[in-house]
Amino acid sequence: MAGGGSAASSVEPPGGDDHDRDAPSLPAPAADRAASVAATFAAAWARSDLSAATWWRGVAASCEDSFARSLRTVEPSRVPATRVTGQPVVKHAPQDGKAVFEVPTDAGTLTVWLAGVDGRWLVVDADFRRAVSR
């Protein structure tokens, strides 16, 4: 480099970014809180007796924004479960900002996917599997 400057002095270390230094880093969400968030969401989801607006406010409180928006069209009376019947069972242990739990209900199993967002666990997806009748 002309003028005696070193090219190495202006190169960032691998993986570095000037913007990363300016943004405050939030702590990763506590792993032991993930099951509680899954349970809270499942309990709100299983309230098929509520109006659509009240039901949505209950589930949205535990959700990431885009997933909450997708739940706006759900008609609570069509939710097959009416109550949670047990504790969340871990299917993917809370780590690396991801967790998956299965929550038993009176009509089947609700699978809840969580992600660490802004230092807290939020629901990013859910799926229901009806119990098989015997």
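Residues numbered from 1 in each chain as written. Predicted model: local features only at pLDDT ≥ 70, side-chain atom pairs only at ≥ 80, totals over all residues. Heavy atoms only, no water.

**Observations concerning the confidence of the model for the chain**
- Across the chain, the average pLDDT comes to 85, with 80% of residues at 70 or higher.
- Under a pLDDT of 50 for its full length, residues 1–23 has, in the predicted model, 5 contacts with residues more than four places off or in other chains. (pLDDT = per-residue confidence, 0-100. Contact = heavy atoms within 4.5 Å.)

**Things to note about the pattern of salt bridges**
- In this structure the tally under the stated criterion is 2 salt bridges.
- Linking Arg47 and Asp49 is a salt bridge whose minimum nitrogen-to-oxygen distance equals 2.9 Å.
- On the basis of relative accessibility, which here comes to 35%, the residue Arg47 falls in the partly exposed class.
- The partner of Glu102 in a salt bridge is Lys91, with the nearest N and O atoms 3.9 Å apart. Remark: Lys91 occurs in strand β1 (residues 89–95) and Glu102 occurs in strand β2 (residues 98–104); sequence separation between them is 11 residues. (Salt bridge = Lys/Arg side-chain N within 4 Å of Asp/Glu carboxyl O. Buried < 20%, exposed > 50% of the residue type's maximum accessible area, 1.4 Å probe, protein only. Helix = DSSP H or I, 4+ residues; strand = E, 2+ residues; numbered from the N terminus.)

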